[in-house]
Amino acid sequence: MEIDDFDVCRQLLWPTFWTGEARTQVEEALDRARQGLRTSFEARTATFKGTLKWWEVSVAPVYDAQGRLHQISAVSRDITPRRNAQDAVTALDAFVAFTEAVGTETDRLTLIAQAMRVLRTSLGPVSAAYYELEGAWWKAQLWSEDIAPEIVAQIQSGVPQDAPNFAAATQAQRITLVDGWHAEHEHVSHAAQYGAVALLPTRAQGQGTALLTVGTAQAHAWTEREQAIIRAVGHSLDLALERAQQAEQLNVQHALLDARTQALEGFAALLQDLALETDPYALIRCAQEMVMSLLPDGNALYFEREEGLWRSKVQTGVLGEGVNQAAAVQAQALVDAGIPYDVPESLTVPWKTQQPYYHAKHNQTQGNQADFPDAASVQHVNTVASLPVTVQGTTLGILTFVVFTPHPWTPTDKAVMETVVHSLGLALERAQGIRDLARVSRFNELILNSVGEGLTGVDLQGRTTFANPAALHLLGYVAADFIGQPQHPLIHHTRADGTPYPRDTCPVYAAFTEGQAQAVQGEVFWRPDGTSFPVEYTSTPIRNQAGAVEGAVLAFRDITQRQQAETALRRTNEELRRSNAELEQFAYIASHDLQAPIRAVASFAGILDRKYGPQLDDRGKLYLRHIMESGDHMKQLVDDLLAFSRVHTERREPQPTDANTVFDQVAYRLQTDSPEAALTRDTLPVVLADPHQLDQLLQNLISNGLKYHRDGTEPQVHVSVQQDGLSWRFAVQDNGIGIEAQYFERIFEIFQRPHGRDTYQGTGIGLAVCKKIVERHGGRLWLESTPGAGSTFFFTLPGAAL
Ligand code: ADP
C-alpha cells in the first residue's frame, strides 16, 4: 500500500481505496462475504503514493464463537510483477502468432488481414478495419467479417481525414488507444456500440499513410493485456510491412534489371549480326524493332532535323494500324510532309534537354496533343515516348515510340527504351568509327598512289612490306619481286662510287635500329637492270600503339633531274661571273685607255679654237664647238664608266666609318660649286662601309638632288637616318623636280635617264654606281618621289660601333 504513516488510513473506508472496475469488484465481494461467501479476484488500483498495482484480493467472512458473522477479512497481495510477466507473455504470444501466420508473406493486404485475424483471436470479440487515405477521406480497404453491413457501407465510403482520433493517430505516428469512443465525433455514427478503440498507423503503398483500427464493444477501456497485444501486433505488422515494402522495391529493381538485361541481350544479339553494319539507319531500325517487340501495339519513328522540319528517317510499324484507318492515313501524311521544328513538344523537349520525354494518354480529352500541328490525326495515340539519340554528346535525332492502347509507361518500359537507345548510341559511334576508318584508309591509299615520291615500308627484318606505284616505277620492279624481299640487297647494295654498301650501315634500317628518322642525300638506288639513280630519302620509324618500333617507312625521290639542273645552273652562274668580270675588265681597260685619246682630242680642239678659231667662219666655229662639247661629254662618260667598274675592282674592305665626317666632306666640296644650296643632316651613325665608296654614294645622291632642282627654288638636300634592326636606313631628301613612278626602277640601270642631255647634263651612270655600292655592302637602294615636290632616296647599310 506504500503507507508511511498508518494514520492516513485509520479512518478510511476500505472500499474507497479501490477505483473504477475494482471498486465494483470489491463491493460485490463484500456483499458476498456478508452472505457468508468467500471471494478472490485480481484487481488494479493505485497505492497511497499513486503507483498503479495489481492485487490479489481475498474477501472472506469471519465468524465468532457463536457462528455469527462477526467481521469481514480482506487480504490484498501485491501481484504486479506476476501480472506484468503475464502481459509480456501474452504480447509475445500475439507477436509469435502473427509472425508464424504471415511467414515470408510480402503482400500488404494479406499481412493486414493476418494482423486482424491475430488481433481477433488474441483479444476476443473485437472488430478491425483497415483504411487508406484517398484524397480527404479515409477509405476502408479491409474489415473483419463481424462488422455490420451499415457500418461497412459507411467506412467504405470514407471517414473524413480530420476525424479527431484518426488525425491524432496519423499525426503522432504511433498506436493511439482511445478509451470511451465517440462514434459521432469520428463521423462513424453507426459504430456507436464500440467502447474502446485502438488506431494503429501503418505504411500504405509508396509514401502513403494507412490506419488499422480495432474496436471493442465489451469494455470502455483497453486492459493492460489487451494493450500489450495491440502493441505487439502493431509492432510486428510494422516490421512485416517494412519487409514487404523492401521486397516490393527489390521486385521492381529486379524487374528493371531483367528488362534491361533482356533488352540488352536482344539488342546485342541483333548488333552482332550487324557488326560491320555502318548504315546508321539500319542500326536505328534494329533498335526500333527491338523495343517494339517488347511493347504493346504501336509504332516507332526516328526523326532528324532538316531545313526547318522534323523528317522521319526510319519507321517501324504502321501509324495507328487497326485503330482508326482515316486518322492513320492522315498521321502518316503529316509525318511524311515533315513537322515544323518548334511544334511537337515530344520532339523539341528531348532535343533541347537531351533527356527522354514520356507522355501517357496522348488523347484529345486531356488536350495533350495540342502541340501536334494536326490534333485529329493523333487521336488514337495514347502513349508516346521520345528519346534523344546521342553520339558523343551530340544529338543526332529523336526516336519516338507510340503505343495505341492506354498504357502508362512503366519503369520497365522506360528501362528497356533507355537501355536500347543508349546502346544504339554506342553502336552508331562504332559505325561512325568504321566509316571514318574506311574513309581514312581510302584517303591514305589515294595519297600513296598519287604522290610522286617513292614510298616503301620495311619490317624489322629489313623486308619490304609495301611499295606505292611510284616506288615500283622508279625502282623498275614489279610488286611480286619486291614486296616481301629483303630491301637493302635489292636497291641499296652499292654506293655511288661503286663500293659495296654494307647492310649494317644502311640509314634506311637505322631508322628502326636507332628509332630515329634519317634524312639522306647523295646516295644511289639500284634497279634490277643494273642502272642506278641518285636519290634523296628519309627513313622514318613506324611505331605501334604501344610505342614499340615495328619497322620504317622509306620516302625517296629520284633527283637526277634536279642534279642536272643544279649542275647547269652552277655552270651558267660561273659563265656569267666570268663574263661579268671580263666585261668589267673590258670597261675598265676601255675607259682607262680611252682617257688619253679623249684628252688629246679635247686639248687639240682647245688649241684649234684658240689659234685658229677667229679664222673660221660661223659653220666652222659651230663644228668646232660640237667637237669640244662631245669631247667633254666623252671624257665625263669615260670617267663615270671607270668609276662604275672600279666599284668592284677597287673595293676596300668595309670598316667602321663615321657617316657624319663623310657627309661633311661631300657637302663641303659640293657647296663650293653651289653656294646657294642648303645641305643639312641629322646626327649620322657609324656604319660598316668602305669610306671611299660611302663618299661616292653620298656625293652622287646629294649632287643629283642639287642638279635636279626646280627653277626658282633654292635647292635643299637633307640626310636623315633611322635604325632598322642591326642596320641603318638613310634618307637623302631633296626639294627638286621629283621623278615619275614609272622611272623608279629604270633610273638605277646604267645609261638610263629620262631627261635629254640638253635639259640636264649627265651620263646615266651615277645611280647605277650607287646601287652597286649599296648592294656590295649588303644593303638596298630605292626611292619615293612626288613629281614637282621632291624625291627621297633611301639606302641601308650595316651598323658598326667605333
Ligand atoms: P645622271 O644624273 O647622270 O643622268 P643618274 O644615274 O645619277 O644619271 O640619274 C639617272 C636619272 O635619274 C637622271 O637622269 C634623272 O632623270 C633621275 N634623277 C636622279 N636623281 C634625281 C633627283 N634627285 N631628282 C630628280 N631626278 C633624279
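It should be noted that the structure appears before, not after, this text.
This one's a predicted model, so the numbers in the text were calculated from it and none came from an experiment.

## Describing the packing of helix H2 (residues 80-102) against helix H3 (residues 108-123)
H3 packs onto H2 with a crossing angle of 145 degrees between their chain directions and a minimal axis gap of 9 Å. Crossing of H2 over H3 shows right-handed handedness. Across from Ala94, Ala97, Phe98, Ala101 and Val102 in H2, the residues of H3 making contact are Leu111, Gln114, Ala115, Val118 and Ser122. Across the contact of H2 with H3, the residue classes break down as eight nonpolar, two polar and no charged.

## Some remarks on H2
Its 23 residues give H2 an end-to-end C-alpha distance of 33 Å, which sits within 8% of 33 Å, the value for a rise of 1.5 Å per residue. Taken as a whole, H2 has its buried residues at Thr80, Arg83, Asp87, Thr90, Ala91, Ala94, Phe98 and Val102. One or two residues past the end of H2 sits Gly103, with phi positive at roughly 55 degrees.

## Some thoughts on the pattern of salt bridges
Summed over all chains, the structure comprises 23 salt bridges. For the salt bridge of Asp459 with Arg463, the shortest nitrogen-to-oxygen distance reads 3.3 Å. Classification of Asp459 as buried rests on a relative accessible area of 15%. Of the charged contacts in the structure, one is a salt bridge between Arg562 and Glu566, with a shortest N-O distance of 3.5 Å. Here the residue Arg562 and the residue Glu566 both occupy positions in helix H15 (residues 560-612), the gap between them amounting to four residues, near one helical turn. The exposure class assigned to Arg562 is partly exposed, which follows from its relative accessible area of 35%. Taken together, the shared-partner salt bridges in this structure form one network comprising Glu453, Glu536, Arg557, Arg562 and Glu566.

## Re the sheet that holds strand E11 (residues 309-316)
Pairing in this open sheet of six strands is antiparallel, and the strands run E12-E11-E10-E15-E14-E13 from one edge to the other. This sheet does not close on itself; its edge strands, each paired only once, are strand E12 (339-340) and strand E13 (357-359). Alignment of strand E14 (residues 383-391) against strand E15 (residues 394-403), held across nine bridges, turns out to be antiparallel. For Ser386, the partnering residue across the bridge sits in E15 and is Thr400. The sheet contacts of helix H7 (residues 280-294) involve strand E10 (298-306), E11 and E15, and relative to E11 the element is tilted by about 65 degrees.

## Examining the sheet that holds strand E1 (residues 39-46)
Strand order across the open sheet formed by three strands is E1-E2-E3, with antiparallel pairing between neighbours. Whereas interior strands pair on both sides, the edge strands pair on one side only; in this sheet they are E1 and strand E3 (69-78). Direction aside, the axes of adjacent strands within the sheet are offset by 30 degrees on average. Where strand E2 (residues 52-63) lies against E3, nine bridges are found, and the strand directions are antiparallel. Its bridge partner lying in E3, Trp55 is registered against Asp78. Sheet strands in contact with helix H1 (residues 20-34) are E1, E2 and E3, and its direction is about 150 degrees off that of E1. Contacting E1, E2 and E3, H2 crosses the sheet at an angle of about 125 degrees to E2.

About the criteria used
- Residues numbered from 1 in each chain as written.
- Predicted model: local features only at pLDDT ≥ 70, side-chain atom pairs only at ≥ 80, totals over all residues.
- Heavy atoms only, no water.
- Axes fitted to C-alpha atoms, helices over the stretch in contact; angles between N-to-C directions.
- Helix = DSSP H or I, 4+ residues; strand = E, 2+ residues; numbered from the N terminus.
- Left-handed = near helix turned anticlockwise from the far one by under 90°.
- Contact = heavy atoms within 4.5 Å.
- Nonpolar A, V, L, I, M, F, W, Y, C, P; charged D, E, K, R; others polar.
- Expected span 1.5 Å × (residues − 1).
- Buried < 20%, exposed > 50% of the residue type's maximum accessible area, 1.4 Å probe, protein only.
- Salt bridge = Lys/Arg side-chain N within 4 Å of Asp/Glu carboxyl O.
- Pairing = 2+ DSSP bridges.

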